[in-house]
Amino acid sequence: MRIAIIATVISVAAMIVSTSFVNGFQKIVAEKIFDFWGDFRIEHYEPLRSTNAEASLIEKNDSLVSFIRKNPNIQSISPFVTHSAILFKEGQIEGVMIKGVSNDYPKEKLIKYLKKGVLPNWDDSSNNNKIVVSNYTANQLKSNLGDSILTFFISKDGSSPKIRKMKIAGIFNTGMDVYDQVYAIGNLDYLNKINQLSSTSINGYEIHLRDKKVIEETVSGIFPHLPIGWNSISLKDLSPEIFDWLKLQDTNKFVLIGLMLIVAVINLITCLIILLLERTNMIAILKSLGAKDGMIQTIFILYGSWIAAIGIAIGSLLGLALCFIQMNRPFIKLNEEVYFVNTAPVAIDWVQILGIAVGTFIFTMIILVIPTAISKKINISKTLQFK
């Protein structure tokens, strides 16, 4: 009995921990993507453009921005530009895409990833030449906070690059190579001035939502109101490979749940079979006294359900305890270069936890009918004669 209970405890705890870890992983990675580039973007329609390539320029549209802001689900909308550049410092060079933002940009989305420094207040013209680079870029340039770097802005017309000295005001780290190895953050107006563009020229609008469950509905609702040649596109469509990979984690989660459920059931069945064999004489005596097969089978099913209930209860408490410990004092460390996070993230879904507990119990009760059916095969006369 103890082995069956322990096996059930371990299986249920493993199911709860694994689902919470997968949920947390999916949530944190998706959050990083949405924080850096918004939930969806409005830009020029270019179906053949790669994700990290510079988009065609469009002009700011204040009336469109006012219309979008009336939507109660819109948290923020801010313009952005992107400019290719080469950063140089003491013989070290690194190519980046500088993302230019204005003070409309929701700074809290990026501040959480800052490891050093600050996100400059670009309303102050003295901060125009300040730049925020990734930890990866800073390491490649062997530079640190406050260092000056030469920035070569690549001209789209093929002319000689424009050179400016910029100062590192902050260093960020999202843990995602697709951002850390590509982007730096600068001032939108300053970048436009260097590249001789008008102050109204942008590459698009970055939009954050309050409720991310309705991204597609919001994107579809805004699209008919866009100027001709413009497009609204969600980050899920811009980076499908990442979100498809995240969905694939659900498969791993369900496979693990299935395996743990099988382990728990097999151990419980084994325990009941052994118990039935040990109680053969008792079953024969009960039958000789008039007990029906159904009643005897019910007795053993109730006994099995008692074992399962204890294991599920203890396993649930153990799994939740491990999750809460990991949330408050992370002890499982990960390679951030591989998993995009440096500790195993946890997101407890109470509906899933309840589903695991109830589902395991129901499935176990159904399967327990099989071993308890052995009691029907016991022959009274042969058993008692043997006794």
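Residues numbered from 1 in each chain as written. Predicted model: local features only at pLDDT ≥ 70, side-chain atom pairs only at ≥ 80, totals over all residues. Heavy atoms only, no water.

**Student:** When you look at a nonpolar patch on the surface in this model, what are you seeing that I'm missing?
**Tutor:** A contiguous nonpolar patch, built from Ile-86, Phe-88, Ile-93 and Ile-154 and spanning about 320 Å² of accessible area, is present on the exposed surface. As for its placement among the helices and strands, Ile-154 is situated in the loop between strand S7 (148-153) and strand S8 (162-172). (Patch = residues over 30% accessible without salt bridge, like charges linked within 9 Å, V, L, I, M, F, W, Y side chains within 5 Å. Areas by Shrake-Rupley, 256 points an atom, 1.4 Å probe, with all protein chains shown as cover. Salt bridge = Lys/Arg side-chain N within 4 Å of Asp/Glu carboxyl O. Helix = DSSP H or I, 4+ residues; strand = E, 2+ residues; numbered from the N terminus.)

**Student:** Would you explain the environment of Ile-228 in this entry?
**Tutor:** Position of Ile-228 relative to the elements: it lies in the loop between helix H7 (215-222) and strand S12 (230-234). Taking the relative accessible area as the measure of exposure, Ile-228 reaches 88% and is therefore exposed. (Buried < 20%, exposed > 50% of the residue type's maximum accessible area, 1.4 Å probe, protein only.)

**Student:** How do you make sense of the pairing of strand S3 (residues 74-89) when you look at a structure like this?
**Tutor:** Consecutive side chains of a regular strand alternate in pointing toward one face of the sheet and then the other. In terms of burial, S3 is largely enclosed, as twelve of its 16 residues are buried. Bridge count for S3 against strand S11 (residues 204-209) is six bridges, and the pairing is antiparallel. Note that in S11 the partner of Pro-79 across the bridge is Tyr-205. Judged from the ten bridges that link them, S3 and strand S4 (residues 92-101) form a sheet pairing that is antiparallel. Directly across from Ala-85, in S4, lies its bridge partner Val-96. The hairpin formed by S3 and S4 contains two residues between the paired strands, and Glu-90 there has a positive phi angle of roughly 50°. Bridge count between S3 and S7: four bridges; the pairing is antiparallel. By the bridge assignment for S7, Ile-86 is matched with Phe-152. (Pairing = 2+ DSSP bridges.)

**Student:** Looking at this structure, how should I read H7?
**Tutor:** Spacing of three or four residues puts side chains on the same side of an α-helix, whose turn is 3.6 residues. Inspection of H7 places Ile-215, Thr-218, Val-219 and Ile-222 among the buried residues, and these make up the whole buried set. Here the buried residues of H7 occupy an arc of 100° about the axis, which is enough to place them on one side. Elements that come into contact with the buried residues of H7 comprise helix H1 (2-37), strand S1 (40-44), helix H2 (62-69), S3, S11 and S12. (Arc of directions from axis to C-beta. Contact = heavy atoms within 4.5 Å.)

**Student:** Got a minute to help me understand the pattern of salt bridges in this structure?
**Tutor:** A pair can form between side chains of opposite charge whenever their charged atoms are brought close. Using the criterion set out here, one finds eight salt bridges in the structure. Of the charged contacts in the structure, one is a salt bridge between Glu-206 and Lys-99, with a shortest N-O distance of 2.6 Å. Note that Glu-206 is positioned in strand S11 and Lys-99 in strand S4, a separation of 107 residues in sequence. Comparing Glu-206 with Lys-99, the two get one shared label, buried. Salt bridges sharing partners connect three or more residues here, namely Glu-31, Asp-35, Lys-109 and Lys-112.

**Student:** Is there a simple way to explain the packing of aromatic side chains in this structure?
**Tutor:** The way to describe two aromatic rings as a pair is by their centre distance and the angle between their planes. Following the criterion strictly, the structure yields eight aromatic pairs and no others. With a centroid separation of 6.3 Å and 75° between ring planes, the pair formed by Phe-36 and Trp-37 is classed as edge-to-face. Just as Phe-36 is buried, Trp-37 falls in that class too. Centroid distance Trp-37 to Tyr-183: 5.6 Å. Interplanar angle 75°. Geometry classified as edge-to-face. Residue Trp-37 is located in helix H1, and its partner Tyr-183 is located in strand S9 (residues 183-187); the two are separated by 146 residues in the primary sequence. The class of Trp-37 is buried, set by a relative accessible area of 3%. In textbook terms, an aromatic cluster arises when at least three aromatic residues are bridged by ring pairs, as seen for Phe-36, Trp-37, Phe-80, Phe-172, Tyr-179 and Tyr-183. One residue, Arg-41, lies across the ring of Trp-37, its end atom 4.2 Å from the ring centre. Cation over ring: Lys-99 sits above Trp-37, and NZ or CZ is 4.0 Å from the ring centre. (Phe/Tyr/Trp six-rings, centres within 6.5 Å; stacked < 30°, edge-to-face > 60°. Lys NZ or Arg CZ within 6 Å of the ring centre and 35° of its normal.)

**Student:** What exactly am I supposed to notice about the pairing of S4 here?
**Tutor:** Buried residues dominate S4, accounting for seven of its ten residues. Inspection of the sheet shows S4 paired to S9 by five bridges, in the parallel sense. Bridge pairing in S9 places Lys-99 opposite Ile-185.

**Student:** Help me out: how do you make sense of the packing of H1 against helix H13 (residues 350-367) in this one?
**Tutor:** If you want to describe how two helices pack, look at the angle between their axes and the distance between the axes. Viewed as axis vectors pointing N to C, H1 and H13 meet at an angle of 155°, and their least axial separation amounts to 10 Å. Relative to H13, H1 is oriented roughly antiparallel. By crossing handedness, the relation of H1 to H13 is classed as right-handed. Counting all contacts with H1, which are made through Val-12, Met-15, Ile-16, Thr-19, Ser-20 and Asn-23, the residues of H13 involved are Gln-352, Ile-353, Ile-356 and Thr-360. Classifying every residue of the contact of H1 with H13 by side-chain character gives five nonpolar, five polar and no charged. (Axes fitted to C-alpha atoms, helices over the stretch in contact; angles between N-to-C directions. Parallel < 35°, antiparallel > 145°, perpendicular 65-115°, else oblique. Left-handed = near helix turned anticlockwise from the far one by under 90°. Nonpolar A, V, L, I, M, F, W, Y, C, P; charged D, E, K, R; others polar.)

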